[in-house]
Amino acid sequence: MNMDIKENLSRIIASLPQGVKLVAVSKTHPVEMLQEAYDAGQRIFGENKVQEMTAKSQALPSDIEWHFIGHVQRNKIHIMAPYVSVIQGVDTFEKLAEIDRQAARFNRHITCLLQLHIAQEETKFGFSADECTAMLEQGDWRDLKNITIGGVMGMASNTDNEAQVIGEFRRLRDLFDSYKEKYFNDNADFNTISAGMSGDYKLAIEAGSNMVRIGSSIFGERNYQLNK
Ligand SMILES: *Cc1c(COP(=O)(O)O)cnc(C)c1O
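Residues numbered from 1 in each chain as written. Predicted model: local features only at pLDDT ≥ 70, side-chain atom pairs only at ≥ 80, totals over all residues. Heavy atoms only, no water.

Peer 1: What's the story with unusual backbone geometry in this structure? I'm lost.
Peer 2: Leave glycine aside and you will find that most residues have negative phi; peptide bonds, for their part, are mostly trans. Phi is positive for Thr28, close to 75 degrees, though the residue is something other than glycine. Looking at the secondary structure, you find Thr28 in the loop between strand 1 (21–25) and helix 2 (31–39). Judged by relative accessible area, Thr28 falls into the buried class, the value being 14%. If you check the backbone angles, Asn107 has positive phi at about 55 degrees while not being a glycine. Here Asn107 falls in the exposed class, since its relative accessible area comes to 71%. (Helix = DSSP H or I, 4+ residues; strand = E, 2+ residues; numbered from the N terminus. Buried < 20%, exposed > 50% of the residue type's maximum accessible area, 1.4 Å probe, protein only.)

Peer 1: What exactly am I supposed to notice about the site of the ligand here?
Peer 2: Around the ligand, a shell composed of Val25, Lys27, Ile69, Met153, Met155, Met197, Ser198, Arg213, Ile214, Gly215, Ser216 and Arg222 is seen. Here an oxygen atom of the ligand and a side-chain polar atom of Lys27 are 2.6 Å apart. Taking Ser216, its main chain carries an N or O atom lying 2.8 Å from an oxygen atom of the ligand. (Near = heavy atom within 4 Å. Polar contact = N/O pair within 3.5 Å; in protein donor to acceptor, adjacent residues only side chain to side chain.)

Peer 1: Quick question: what am I supposed to make of the environment of Thr192 here?
Peer 2: Checked against the element boundaries, Thr192 lands in strand 7 (residues 192–194). Between the C-alpha atom of Thr192 and that of Ile149, which follows or precedes it by 43 residues, the distance is 9.4 Å. Once residues within four sequence positions are removed from consideration, Thr192 is found in contact with Leu113, Gly150, Gly151, Val152, Phe176, Asn210 and Met211. Of the polar contacts made by the side chain of Thr192, one reaches the side chain of Asn191; its length is 2.8 Å. (Contact = heavy atoms within 4.5 Å.)

Given below as structure tokens:
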């Protein structure tokens, strides 16, 4: 694999249609590598551990847009609330409410994406379509003034079966469309479908994704041992 971060970034960016945003997933990688991507022009970074993201945010320039892409734990929201831009993995109303409460404490506004469980695998987090619909229908989210629901996020099954992967991404897109029509019709902020990683982002874009989260194709393989 080519380890030139700048070259990897330009190759990937050149392959993205206009309007598709790139989140550079930098989890487990040292700040020097993020700085290299930053120097090449990248401004959106994704991390999945709150403490790691917080340390990196303090070591790197302040115009970076930090996206938390990991599993959200309620008791860690306050740690990232002062600086995080987007929390992608929101999968209960209680978490939305806690993000709102913490954002308000810091006089901030945080964008949240609703994580939907679209994969067949049991282990992935996220709302089921029914749970998400029930939450939106119930309506209390409308009172949360320090968050914006910016769209949906999902992960496809980890399989070589392209038809299955495409089908799961299309399902995410269909859910987005139906929520948009029903609950966010006159809300321009509900505009993001975050789907697609290094191995499947082209399929995700074909199915309607407009935000891809790419790690290993930019930074190389992750060494989890080093991260311990
Ligand atoms: C790690 C991760 C990615 C990036 O995966 P790559 O295969 O390295 O591109 C994307 N999304 C989420 C939620 C992740 O945890």
